[in-house]
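So you can see what is in the structure, the chains are spelled out below.
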Amino acid sequence: MAETARKRTPLHTKILLSLVAGGVLGITAQFVLPGGPKNEDLVWFSENIANNVGSIFLTMIFMIVVPLLFSALTLGIAEIGDATKVGRIGFRALVMTIVLSVIAVLLGIAAVNAVKPGVGLPEEKRQALLAAIDKGAAEKKGAAEKPAEADPPTLGILPRNPLLEATRALTGGLLPFMFFSLVFGIALSAIDPEKALPLKQFLEGLFAVSLKVIDFAMLLAPIGVFFLVFRTGAILGFDLVTTLGKYVLIVLAALAFHQFVVYSLVIKFLAKRNPMEFFRQMKTVMLTAFATSSSNATLPTALKAAEEDLGLPRKISTFVLTVGATGNQNGTALFEGITILFLAQFVGIDLDLSQQFQVMLLAIVAGIGTAGVPGGSWPMIAGVIQRFNIPVETIGIVLGIDRILDMSRTVLNVTGDMTIAACVAKWEGEPTETPEEAMA
Ligand code: ASP
């Protein structure tokens, strides 16, 4: 085993190395070449090579957004829909999921507004970056805006024609398309289970295939991230490092606050347990989430710990944790809220309060639709930022440092599931003694 580990560098390490290499080379080129960022050869290379190679990788992700979103969201909602059928337990878990997600996203949005990590780039550098990004985006926009005028969704959200919204999902149709997926998921959970089964199996297949395409895209990530970050480094110089540094810190600080303050309060006052003890009892689960960056991969460990270490009744924990692994993603919702606003700040787009409110709703829904796998957030973020005219190419800049953020937000995702399970167990009046306590 040690041998295979030595032979194969994990993908996330390769991506991180590409980020560093791209950043260092880009910044160095900016300093060393005559004319700095305006050096003709550097500009040519950035525009023609770095831009295009970076775009191939991003396009692989974009092309799967619609099938992935439709299958993930419909199945996620159908599961939660089934949950409400299970009655009170499902309903209570659902309410807690929504409340915790709203708090998470509000926290993220407040943090990013207070610190403004993306603001402060010198204006001429921002313009240069936008000009470089816009080269390709301008043509795309021209083509994309025309259909957006035809047959607009009612109230901006109810699609008349979901297929039309699907075709323009990356240029503003995402929200109505998500709405359609939500309604479809609710309806799917409301029909005769026998009739629903084939469709659910089809959607599960579609979901699995979509994830595979993401895997393929991620194989290109080290190259894509290198070129995207090179181009940005060549334009921004050291501002790239300081801006990204602020972004990472603000994400980690907000996640830590939600984990240790919000969850602690909920565990203490709603689940009526000692938060420190609770975290200690689920430390293996947190470590597994951190190591795997995947809620789904952590599920078996979470189920075991819920029963053996936290003493949660099986009928509650199995149900809440299984649904939560896909349906409840607090850390992800918080992260998506911060990232969308950060990228808007980064490119100098001012989102007003109503747009920020939309970001909040989208982040909550995207949290439900996000697959519990490493990097599951990115297709959602790609879809959402287009709605606010933020160039999707900006994703390449933050993707390189995503792994550590992914590991951290996944810890919150599973802690959230455990917290909800503990609260529901308490409200159901179930005995929640841990084996240790029972012996004492
Ligand atoms: N990695 C996360 C999870 O599995 C999803 C994401 O935010 O990318 O919970």
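Check the entry above for the structure.
This one's a predicted model, so the numbers in the text were calculated from it and none came from an experiment. Residues take numbers from 1 onward in each chain, read along the sequence in its written order. Local features are withheld for residues below a pLDDT of 70 in this predicted model, meaning they are given only at 70 or higher, and side-chain atom pairs are given and counted only at 80 or more; totals for whole chains, interfaces and linings count all residues. Heavy atoms throughout the structure, all of them, feed into the side-chain values; hydrogens and water do not.

**Describing the packing of helix H16 (residues 353–369) against helix H17 (residues 377–387)**
In step 1: Two numbers describe how H16 lies on H17: the axes approach to 10 Å, and their chain directions differ by 160°. As summarised for this structure, H16 and H17 are arranged roughly antiparallel, according to the angle between their axes. For the pair H16 and H17, the sense of crossing is right-handed. In this structure, H16 uses Gln358, Leu362, Ala366 and Gly369 to contact H17, whose residues at the interface are Met380, Val384 and Arg387.
In step 2: Here the nonpolar group is Ala, Val, Leu, Ile, Met, Phe, Trp, Tyr, Cys and Pro; Asp, Glu, Lys and Arg are the charged ones; every other residue, Gly included, is treated as polar. Of the residues contributing to the contact of H16 with H17, the split by class is 4 nonpolar, 2 polar and 1 charged. The convention used is that axes are lines fitted to C-alpha atoms, helices contributing only their stretch in contact, and that angles between N-to-C directions extend from 0 to 180 degrees. Helix and strand labels come from DSSP, where a helix needs a run of H or I of at least four residues and a strand needs a run of E of at least two; each type is numbered from the N terminus. An angle counts as roughly parallel when it lies under 35 degrees, as roughly antiparallel when it exceeds 145, as roughly perpendicular when it falls between 65 and 115, and as oblique in every other case. Helix crossings are classified by the rotation of the near helix relative to the far one: an anticlockwise turn of less than a right angle makes the crossing left-handed, while a clockwise turn makes it right-handed. Between two residues, a contact is recorded if the distance between any of their heavy atoms is within 4.5 Å.

**Quick notes on the side chain of Ser210**
In step 1: Along the polypeptide, Ser210 turns up in helix H9 (residues 193–236).
In step 2: Buried residues are those whose accessible area, probed at 1.4 Å on protein chains only, stays under 20% of the maximum for their type, while exposed residues exceed 50% and partly exposed ones sit between those limits. A relative accessible area of 1% means that Ser210 is categorised as buried.
In step 3: Look past the residues within four positions of Ser210 in its chain and what remains in contact with it is Ile64, Pro67, Leu68 and Ser71.

**Side note on the pattern of salt bridges**
In step 1: The term salt bridge refers to a pairing of a side-chain nitrogen on Lys or Arg with a carboxyl oxygen on Asp or Glu at a separation within 4 Å. Here the structure, examined in full by the defined rule, presents 7 salt bridges.
In step 2: With its nearest N and O atoms 3.0 Å apart, the salt bridge here joins Glu307 to Arg314.
In step 3: The partner of Arg409 in a salt bridge is Asp406, and the shortest N-O contact between them spans 3.4 Å. Here Arg409 pairs with Asp406, and both are found in helix H19 (residues 402–427), just 3 residues apart, close to one helical turn. Of the two residues, Arg409 and Asp406, both sit in the buried class.
In step 4: Through salt bridges with shared partners, one network takes in Asp402, Asp406 and Arg409.

**Topic: H9**
In step 1: A helix's residues, less one, multiplied by 1.5 Å, set its expected span. Given a rise of 1.5 Å per residue, 44 residues ought to cover 64 Å, yet the end C-alpha atoms of H9 are separated by just 55 Å, more than 12% below that figure.
In step 2: The largest bend in H9 amounts to roughly 50° and is located at Ala221, with the proline Pro222 lying one to four residues further along.
In step 3: Gly237 sits one or two residues past H9 and shows a positive phi near 65°. The quantity called bend is, for any residue, the angle between two axes fitted respectively to the seven residues ending at it and the seven beginning at it.

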